[in-house]
Amino acid sequence: MVRPQDRKFVTADPEKCIGCCVCEYACSMINEKTFNPTKSRIRAMRLGPLVNLAVTCRHCEDPACVAACPRDALTQEENTGIIRVDENACNGCGWCISACQFGAMNMHPDKKIVFTCNSCTDNETKEPQCVKWCPEEALSYVSAETLAQKYRQKAVKNLFQTVEEEAKKAK
């Protein structure tokens, strides 16, 4: 069994994301066979004039979306953490959408049922297509442990840069 911290998910680097939405088009094409961002399992969001971020399912250890579903339409795969939707059980109530702290649950515009990132495992691809097609390489398919290590290294690097700058000012 894979430890929850070792489950992989798609994450975005806001310093690289330009909000081009190529990830949305790649996702909708591989999963829905159409170029339609409303049918994408990843959402590119503009958070400010120069800040963009792509949002997708984090495959949580104890997903609030699964717990919130009154019809037991959502289940989580044990090894991958991927949330599966039973389309016959989902009535589109949206409780899971409200429960997800990452904003990763979406309502399908045609089917009126929820859907979320499947890491492209329903298709014959080796990696999520949003990651593959991102022109700025802003998306990564990583585990929570790997992501935490990346940010720890970045924090240490920033700390040393700050110390060096202060030392230069003191001279």
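Our structure's up above, just so we're on the same page.
As for the side chain of S28
Examined against the element boundaries, S28 turns out to sit in helix α1 (residues 22-32). On the basis of relative accessibility, which here comes to 0%, the residue S28 falls in the buried class. Of note is the side chain of S28, whose polar atom sits 3.2 Å from the backbone oxygen of Y25. Leave out the neighbours within four places in its chain, and S28 touches K33, T34, F35, N36, P37, K39 and S40.

Regarding the nonpolar core
Of all hydrophobic cores here, the largest spans 15 residues; its most connected members are C65, L74, C96, M105 and V114. In contact with L74, not counting residues within four places along its chain, are C65, V66, C69, I83, R84, V85, C96, M105 and V114.

Observations concerning unusual backbone geometry
Even without a glycine there, the phi angle at K112 is positive, about 60 degrees. Along the chain, the position of K112 falls in the loop between β6 (106-107) and β7 (114-115). If you check the backbone angles, E137 has positive phi at about 55 degrees while not being a glycine. Structurally, E137 can be placed in the loop between α4 (129-133) and β8 (139-143).

Some remarks on α1
Those residues of α1 lying buried are C23, E24, A26, C27, S28, N31 and E32. Buried residues in α1 make contact with β2 (43-46), β3 (52-55), α4 and β8. A positive backbone phi angle near 60 degrees is found at K33, which sits one or two residues after α1.

Conventions we followed
Per chain, residues are indexed from 1 in the order of the written sequence. Reporting in this predicted model follows two pLDDT cut-offs: at least 70 for local features of residues, and 80 or more for side-chain atom pairs to be given and counted; totals over whole chains, interfaces and linings ignore these cut-offs and use all residues. Each side-chain value is worked out from all heavy atoms of the structure, with water and hydrogens disregarded. Starting at the N terminus, helices and strands are each numbered in turn, a helix being any DSSP run of H or I of at least four residues and a strand any DSSP run of E of at least two. For the exposure calls, accessible area comes from a 1.4 Å probe over protein chains only, and a residue counts as buried if that area is under 20% of its type's maximum, exposed if over 50%, partly exposed in between. Polar contacts here mean pairs of N or O atoms no more than 3.5 Å apart (in protein, one a potential hydrogen donor and the other a potential acceptor; neighbouring residues in sequence count only if both atoms are side-chain atoms). We call two residues in contact whenever any of their non-hydrogen atoms come within 4.5 Å of each other. Only buried residues count toward a nonpolar core, which is a set of Ala, Val, Leu, Ile, Met, Phe, Trp, Tyr and Cys residues joined through side-chain atoms within 4.5 Å.

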